[in-house]
Amino acid sequence: MSKLTYAIYERIINLLQEIMSNLNTKMKKENRILFYNYELRDNSKYMLKYISEREKNQIICYTNKKILENEKLKNVKYISNVFKLFYYLLTSKIIIQSFDLRFKFKPGLNQMIIQLWHGSPLKTIGNDSTFKEYGKQRARYFTHVICASDFFKNIYVEAFGCYDSQIKILGNPRNDLLFEPLEPQEINNLFNTSFDKVIMWMPTYRQSKILHGIEDSMLEIPIIDKENLPEINEYLTMKNVVIVLKLHPLQNDIKLIDGQYSNIIILKDELLKEKGYELYNLLGYSHALITDYSSVYFDYLLLDRPIAFTIQDITEYNDNRGFTVNNPKELMPGVKLQNAQDLIKFIDSLVLQEDFFINDRARVNDLVNLYRDGKNSERVYKELEKILKS
């Protein structure tokens, strides 16, 4: 996008936002909750389910992604029409979102716009140069942003350009599902077999066609390749351990594995939807986590189970995307995997129940998670009730 094109685009967007903001001050607000997300996942998805089971006021959910019938909640009205969205944006007392969205406007009186975001950030938020200037103005378009601890306050203030008073430390609603793990029979149903140990491997995205070809790293996926995969799979089979590789929703497909290996499984969102399971319920069952710079490991600390990190491209990732802290390794309480042999040693330690990072995990967990009770959704809901009753 050229500077001139972007300047015109920015001018049009700013004009639309001002028009919507002016309209919003004049429209009467109904006791209604609107979930406004192009894709319903993470904190918004779990918050929607929690509220739908308790709230008698109208609940609207806007998304332009297809929702299966077995995913739809009884007390929620789903919409995808943009004109209906405009109406509900301007007439709802509460608007809940988890991403940066196209239609933004200043909250009106007696209206709450909550930014749940989608996890505690280790990676820089909004580092795309297109949105740097917009990032300084984000706070104009919501009343509160939810985070997990005091540690993230300054990070959010910098990222959203907001005041301390706008930040509510209530915890991430999605983390409640960690305390409701799948049962062993549900694991058997999901994978059509049983394993002694389940390791979740959840890398962040590096290459994304969805985000217009953004590449935060040239490395498609760390450690594994077509040469070492047979050896890793053989060892996993011998130990009756499975690695469940759950790619980030924005990551391009990786065809390196593609169903060839018995104990290395790529988990698709479609399978979870078909079985009616949630990712974080599965994560709550798992025995260990492999990740890199993904916010998922901050959540996983609540379970106090082994974590391994793949950080071969940390310098490249820092140059392209950046981190919210100067030394991200200090916040990574677990073994750093450099190659396939390190991975096999990690599997072996898990089987032998060797755990060398208990104290380190406790240190980081104290920083990043204020609440560890599985009641984050309840805390957020209590904030919503205040304005619904006002």
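The present account deals with the structure reproduced in this document. Bear in mind that the values here come from a model prediction, so they are computed numbers and not experimental data.

Here we come to the sheet that holds strand S5 (residues 112-115). Here we have 7 strands laid out as an open sheet, ordered S3-S2-S1-S4-S5-S6-S7, and parallel in their pairing. Bordering the open sheet on either side are strand S3 (77-79) and strand S7 (167-169), each of which pairs with just one other strand. Each neighbouring strand pair of the sheet contributes to a mean axis angle of 25°, computed without reference to strand direction. Sheet topology note: the strand S4 (residues 92-97)/S5 ladder contains 4 bridges and is parallel. When the bridges of S5 are listed, Ile96 appears paired with Ile114.

Once that is clear, we can look at the sheet that holds strand S14 (residues 307-310). Strand order in the open sheet formed by 6 strands is S12-S11-S8-S13-S14-S15, with parallel pairing between adjacent strands. In the strand order of this sheet, the two ends are held by strand S12 (264-266) and strand S15 (335-337), each with one partner. Across the sheet, the axes of successive neighbouring strands diverge by a mean angle of 25°, strand direction being ignored. Sheet analysis places S14 next to S15, joined by 3 bridges and oriented parallel.

Most of strand S1 (residues 30-36) sits out of view: 5 of its 7 residues are buried. Bridge count for S1 against S4 is 4 bridges, and the pairing is parallel. Bridge pairing in S4 links Glu30 to Ser92. Assessed by its sense of winding, the connection that carries the chain from S1 through helix H2 (residues 42-52) to strand S2 (residues 58-62) is right-handed.

On the surface, Leu4, Ile8, Ile12, Leu15, Leu16, Ile19, Leu23, Met27 and Tyr87 cluster together to form a nonpolar patch covering roughly 840 Å² of accessible area. By residue number, the principal contributor to the nonpolar patch is helix H1 (residues 3-26), which donates 7 residues. Summarising the element assignment, Leu15 is placed in helix H1.

Moving on: the packing of aromatic side chains. Taken as a whole and assessed by the stated rule, the structure comprises 16 aromatic pairs. Summarising the aromatic geometry, the rings of Trp117 and Phe160 are spaced 5.3 Å apart at their centres and angled 90° between planes, so their arrangement reads as edge-to-face. Of the two residues, Trp117 sits in the loop between S5 and helix H4 (132-135) while Phe160 sits in helix H5 (residues 153-160), which places them 43 residues apart along the sequence. Residue Trp117 is classed as buried on the basis of its relative accessible area of 8%. Ring geometry for Phe142 versus Phe160: centroids 5.6 Å apart, planes at 85°, classification edge-to-face. Placement of the pair is Phe142 in the loop between H4 and strand S6 (144-147) and Phe160 in helix H5, with a sequence separation of 18 residues. Residue classification places Phe160 among the buried positions, given a relative accessible area of 0%. Among the aromatic residues, ring-to-ring pairing joins Phe151, Phe152, Tyr297, Phe298 and Phe309 into one connected group. Above the plane of the ring of Tyr50 lies Arg54, whose end atom (NZ or CZ) is 3.5 Å from the centre.

Cut-offs and rules
- Residues numbered from 1 in each chain as written.
- Predicted model: local features only at pLDDT ≥ 70, side-chain atom pairs only at ≥ 80, totals over all residues.
- Heavy atoms only, no water.
- Pairing = 2+ DSSP bridges.
- Helix = DSSP H or I, 4+ residues; strand = E, 2+ residues; numbered from the N terminus.
- Axes fitted to C-alpha atoms, helices over the stretch in contact; angles between N-to-C directions.
- Buried < 20%, exposed > 50% of the residue type's maximum accessible area, 1.4 Å probe, protein only.
- Right-handed = clockwise from strand over helix to strand, strands pointing away.
- Patch = residues over 30% accessible without salt bridge, like charges linked within 9 Å, V, L, I, M, F, W, Y side chains within 5 Å.
- Areas by Shrake-Rupley, 256 points an atom, 1.4 Å probe, with all protein chains shown as cover.
- Salt bridge = Lys/Arg side-chain N within 4 Å of Asp/Glu carboxyl O.
- Phe/Tyr/Trp six-rings, centres within 6.5 Å; stacked < 30°, edge-to-face > 60°.
- Lys NZ or Arg CZ within 6 Å of the ring centre and 35° of its normal.

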